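# Structural characterization, general
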Amino acid sequence: MNLWRIEKLKDELANQTISQRNLFIYYLIVGISLAFLMFPGGIDLYDDYQGLSFKWIEWVTTTLIYLLGLFVCYKVNKGNLGKSFIDRIVSLEVVLAIRYLVFLYAPLTIIWLIFLDGTNYSDFALLFNSVVFELVLIIRSILCLKEITRFK
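A few points on the structure. (Residues numbered from 1 in each chain as written. Predicted model: local features only at pLDDT ≥ 70, side-chain atom pairs only at ≥ 80, totals over all residues. Heavy atoms only, no water.)

Counting 35 residues, the largest nonpolar core has Ile6, Leu9, Tyr26, Cys73, Leu92 and Leu145 as its most contacted members. Only helix H1 (6-14), helix H2 (20-37), helix H3 (52-76), helix H4 (85-116) and helix H5 (122-150) provide two or more residues apiece to this core. The element best represented in this core is H4, accounting for twelve residues. Apart from the residues within four sequence positions on either side, leucine 9 is in contact with Asn2, Ile18, Tyr26, Ser91, Leu92 and Val95. (Core = buried A, V, L, I, M, F, W, Y, C linked by side-chain atoms within 4.5 Å. Buried < 20%, exposed > 50% of the residue type's maximum accessible area, 1.4 Å probe, protein only. Helix = DSSP H or I, 4+ residues; strand = E, 2+ residues; numbered from the N terminus. Contact = heavy atoms within 4.5 Å.)

With that out of the way, let us pick up the environment of phenylalanine 85. As for its position among the elements, phenylalanine 85 is in helix H4. It is 8.5 Å that separates the C-alpha atoms of phenylalanine 85 and cysteine 73, two residues lying twelve residues apart in sequence. Ignoring anything within four residues of it in the chain, the contact list for phenylalanine 85 reads Leu70, Cys73, Tyr74, Asn77 and Leu145.

Taken as a whole, H1 has its buried residues at Ile6, Leu9, Lys10, Glu12, Leu13 and Ala14. Those residues of H1 that are buried are in contact with H2, H4 and H5. Within two residues after H1, glutamine 16 carries a phi angle of roughly 55 degrees, on the positive side.

Two elements in contact, H3 and H5, have axes separated by 9 Å at closest approach and are oriented at 5 degrees. Considering the angle they form, H3 stands roughly parallel to H5. Considered class by class, the residues forming the contact of H3 with H5 number 15 nonpolar, six polar and four charged. (Axes fitted to C-alpha atoms, helices over the stretch in contact; angles between N-to-C directions. Parallel < 35°, antiparallel > 145°, perpendicular 65-115°, else oblique. Nonpolar A, V, L, I, M, F, W, Y, C, P; charged D, E, K, R; others polar.)

Dropping the structure here:
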């Protein structure tokens, strides 16, 4: 099980040696994450925004980035002729999301909390954090898929 080492995961995905147990764990992580995000009355991802328009801007922007990136990933994986697209993209995104939550999103959030929370620039900083995180995550997913498909 690789929750941190992306190189080993890329090798397993390229050679199609990843076990069904590991794929199940990746899907389980996604399922549990979605369950927490959809928890009634629970987490409001946009609660920190001061203005309603920024909530919509973030939602539209990050959704478009993700959907366009997912389409590019599909094409990089050779589209209809590709192999194991869902297995590859889900497992890559789980590992990359964990890494970038720790090394990118958490530090950006700490900077926002210390310097920008409650200021006139608070919403801009939150939007920047989300867009940068989504862009980095999808770009790294595309690059990893390129490497995986190049192995064949």
